[in-house]
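Coordinate inspection notes
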Amino acid sequence: MIELFFSTYISSSIRFLFLLAPFFVVTMFLALTRGLPADEKTAIIRRACISALVLGVILFFAGPLLFGAIGITLNSFRIGAGTLLFLTAISLVNNGTRSHATGLPDDNRDDIAVVPLAIPVMIGPATIGAILVYGAELKQVAAVAGGLLGLVSSLLILAVLLRLSGYLEKAMGKNGLNIMSKISGLILSAMAAEIVLTGLSGFIAASGLVAR
């Protein structure tokens, strides 16, 4: 049980961290908060991460209920979510940005922490689908606990990166952050391929199209 918890925790932390595309989030945070005082930036980081955590936890446990209500299988959702994640990965590799969250808000919002920072910059459509899939895959209590703690840890790491965003911009520059976003996209593409292939193999096996 302990080995399962720690293995799931480590793998989930890495998965969720790359799903959040941290360097893209840092770039958007810098653009959205340019000129704001440090204490206000800190408050925005706190609210954004808490909002992302609440949504992430809901999605983490909502998978089986959602799939049952809609009447689709986990394997079918794996294929759809993996495809959407792959499109996001392509956008990151080509442009260093997520295709669904590239523009800044035109109007002056009272609070940018929830929209657009938490949603859709941190948690966009592809991330939502992936969290639903990963949450539904975990069955044992130790695995669920490890996965949930991994989600929390990834958001804590992202919060630290956002808190250090000014230093990261000075050290790496805009080009450096863009390159790191593209590298994240490469890893996301591999994750997307794994989700799709798992869904396809599960779907084929369930359909009885190949001999077991």
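I will try to describe carefully the structure that is included in this document. Since the model is a prediction, treat every value here as computed from it, not as a measurement.

1. Re helix α6 (residues 125-137)
Residue pairs spaced three or four apart in an α-helix point in one direction, given the helix's 3.6 residues per turn. With 13 residues, α6 should reach 18 Å at 1.5 Å per residue; the first-to-last C-alpha distance of 19 Å fits that figure. Extensive coverage of α6 is indicated by the burial of 10 of its 13 residues. Every buried residue of α6 is accounted for by Ala126, Thr127, Gly129, Ala130, Ile131, Leu132, Val133, Tyr134, Gly135 and Ala136. Where α6 is buried, its residues touch α1 (2-19), α3 (38-70), α4 (74-95), α5 (113-122) and α8 (165-207).

2. Quick notes on the packing of α1 against α6
The axes of two packed helices give the description: the angle between them and the distance between them. Orientation of α1 relative to α6, taken along the N-to-C sense of each, is 165 degrees, at an axis distance of 10 Å. With respect to each other, α1 and α6 are oriented roughly antiparallel. Helix-helix and strand crossings are classified by hand; for α1 and α6 the assignment is left-handed. Side by side, α1 and α6 meet where Arg15, Phe16 and Leu19 of the first sit next to Thr127, Ala130, Ile131, Tyr134 and Glu137 of the second. Its residues placed into classes, the contact of α1 with α6 shows 5 nonpolar, 1 polar and 2 charged.

3. A word on the environment of Ala126
Take Ala126: it is sitting in helix α6. Between the alpha carbons of Ala126 and Thr88 there is a distance of 6.9 Å; along the sequence they are 38 residues apart. Those residues in contact with Ala126 that sit more than four places away from it in its chain are Leu84, Leu85 and Thr88.

4. Topic: the nonpolar core
Residues Leu19, Leu85, Leu117, Met122 and Leu162 are the most contacted members of the largest nonpolar core, which totals 51 residues. Among the elements of the structure, α1, α2 (22-32), α3, α4, α5, α6, α7 (141-163) and α8 are those that each provide at least two residues to this core. The residues touching Met122, leaving out its near neighbours within four places in the chain, are Leu19, Leu20, Val25, Ala48, Cys49, Ala52, Arg98, Leu117, Thr127, Leu158 and Leu162.

5. What about the environment of Leu162?
One can find Leu162 in helix α7. Considering only alpha carbons, one finds Leu162 and Val133, 29 residues apart in sequence, at a separation of 27 Å. Excluding residues that lie within four positions of it along the chain, Leu162 makes contacts with Val25, Val26, Phe29, Ile45 and Met122.

6. Some thoughts on the pattern of salt bridges
As enumerated under the stated definition, the model contains 3 salt bridges in all. Arg15 is the partner of Glu194 in a salt bridge, and the nearest nitrogen-oxygen pair spans 4.0 Å. Of this pair, Glu194 sits in helix α8 while Arg15 sits in helix α1, and the two are 179 residues apart along the sequence. Residue classification places Glu194 among the partly exposed residues on the basis of a relative accessible area of 43%. When the shortest N-O distance is used, the salt bridge between Arg34 and Glu169 registers 3.2 Å. Taken together, the residues span a long stretch of sequence, with Arg34 in the loop between α2 and α3 and Glu169 in helix α8 at a distance of 135 residues.

The rules we used
- Residues numbered from 1 in each chain as written.
- Predicted model: local features only at pLDDT ≥ 70, side-chain atom pairs only at ≥ 80, totals over all residues.
- Heavy atoms only, no water.
- Helix = DSSP H or I, 4+ residues; strand = E, 2+ residues; numbered from the N terminus.
- Expected span 1.5 Å × (residues − 1).
- Buried < 20%, exposed > 50% of the residue type's maximum accessible area, 1.4 Å probe, protein only.
- Contact = heavy atoms within 4.5 Å.
- Axes fitted to C-alpha atoms, helices over the stretch in contact; angles between N-to-C directions.
- Parallel < 35°, antiparallel > 145°, perpendicular 65-115°, else oblique.
- Left-handed = near helix turned anticlockwise from the far one by under 90°.
- Nonpolar A, V, L, I, M, F, W, Y, C, P; charged D, E, K, R; others polar.
- Core = buried A, V, L, I, M, F, W, Y, C linked by side-chain atoms within 4.5 Å.
- Salt bridge = Lys/Arg side-chain N within 4 Å of Asp/Glu carboxyl O.

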